[in-house]
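Now for the letters of each chain:
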Amino acid sequence: MQSYIVTLDIAHPPVTSDDAEIILEVELRKIRNSSSSRVLKIIHGYGSKGRGGTLKEVIRNWLFVHRSLYRVVIDGERANIFNNDIQEMLRMCGHNADTDLRSPNRGITIVWVK
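Our subject in this report is the structure included herewith. Please read these numbers as outputs of a predicted model, since none were measured by experiment.

1. Quick notes on the nonpolar core
Phase 1: Formed by 15 residues in total, the largest nonpolar core has its most connected members in Leu24, Leu28, Leu40, Ile42, Leu63 and Val111.
Phase 2: For this core, the secondary-structure elements that each account for two or more residues are α1 (17-32), β2 (37-43), α2 (54-65) and β4 (108-113).
Phase 3: If sequence neighbours within four positions are ignored, Val111 has contacts with Leu28, Arg38, Val39, Leu40, Ile42, Leu63, Tyr70, Val72 and Val73.
Phase 4: If you look at the next biggest cluster of nonpolar residues, it comprises 12 residues, including Ile86, Cys93, Ile108 and Ile110.

Shown next, in the form of structure tokens:
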């Protein structure tokens, strides 16, 4: 089954932490209710100092608290073609075109919705 990746860019321009959580919740609810989308790629950036910014921490903490709602959450740092979760997602969902799923990117987080 081919499904679509939804990209959510909250880093350009950056949003507040509170707004980021609300936007994330709304987008994930849309994907859970969609028949054609199962993956959300969140662009949160990696902070001006290059070690993780507020948005990255807020998003990942929110996803951790709500982790039972998702099949898998993949930190961008772990995204590569050898990652078992990425391989299964590519096989199940048919995401061959998105290069962010195949190489590390500390400015993103990928959510595979159940």
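So that's the structure; there's more coming.
2. What about the pattern of salt bridges?
Phase 1: Counted under the stated rule, the structure contains 5 salt bridges.
Phase 2: Ionic pairing is found between Arg29 and Glu25, a salt bridge with its closest N-O pair at 3.4 Å. Taken together, the positions of Arg29 and Glu25, both in helix α1 and 4 residues apart, correspond to about one turn of that helix.
Phase 3: Classification of Glu25 as partly exposed rests on a relative accessible area of 35%.
Phase 4: The partner of Arg60 in a salt bridge is Asp75, with the nearest N and O atoms 3.4 Å apart. Of the two residues, Arg60 is situated in helix α2 and Asp75 in strand β3 (residues 70-75); the sequence distance between them amounts to 15 residues.
Phase 5: Residue class for Asp75 comes out partly exposed when judged on its relative accessible area of 26%.
Phase 6: Ionic contacts of the salt-bridge type, sharing partners, join the residues Lys56, Arg60, Asp75 and Glu77 into one network.

3. A word on the sheet that holds β2
Whenever strands of a sheet pair, they do so through backbone hydrogen bonds, lying parallel or antiparallel.
Phase 1: Overall, mixed pairing links the 4 strands, which are arranged β1-β2-β4-β3 in an open sheet. Strands with a single pairing partner mark the edges of an open sheet, and in this sheet they are β1 (4-9) and β3. Recorded for the sheet is a direction-independent mean angle of 20° between the axes of neighbouring strands.
Phase 2: As paired strands, β3 and β4 are joined by 5 bridges and run antiparallel to one another. Bridge pairing in β4 places Val73 opposite Val111.
Phase 3: The sheet contacts of α1 involve β1, β2, β3 and β4, and relative to β2 the element is tilted by about 160°.

About the cut-offs
- Residues numbered from 1 in each chain as written.
- Predicted model: local features only at pLDDT ≥ 70, side-chain atom pairs only at ≥ 80, totals over all residues.
- Heavy atoms only, no water.
- Core = buried A, V, L, I, M, F, W, Y, C linked by side-chain atoms within 4.5 Å.
- Buried < 20%, exposed > 50% of the residue type's maximum accessible area, 1.4 Å probe, protein only.
- Helix = DSSP H or I, 4+ residues; strand = E, 2+ residues; numbered from the N terminus.
- Contact = heavy atoms within 4.5 Å.
- Salt bridge = Lys/Arg side-chain N within 4 Å of Asp/Glu carboxyl O.
- Pairing = 2+ DSSP bridges.
- Axes fitted to C-alpha atoms, helices over the stretch in contact; angles between N-to-C directions.

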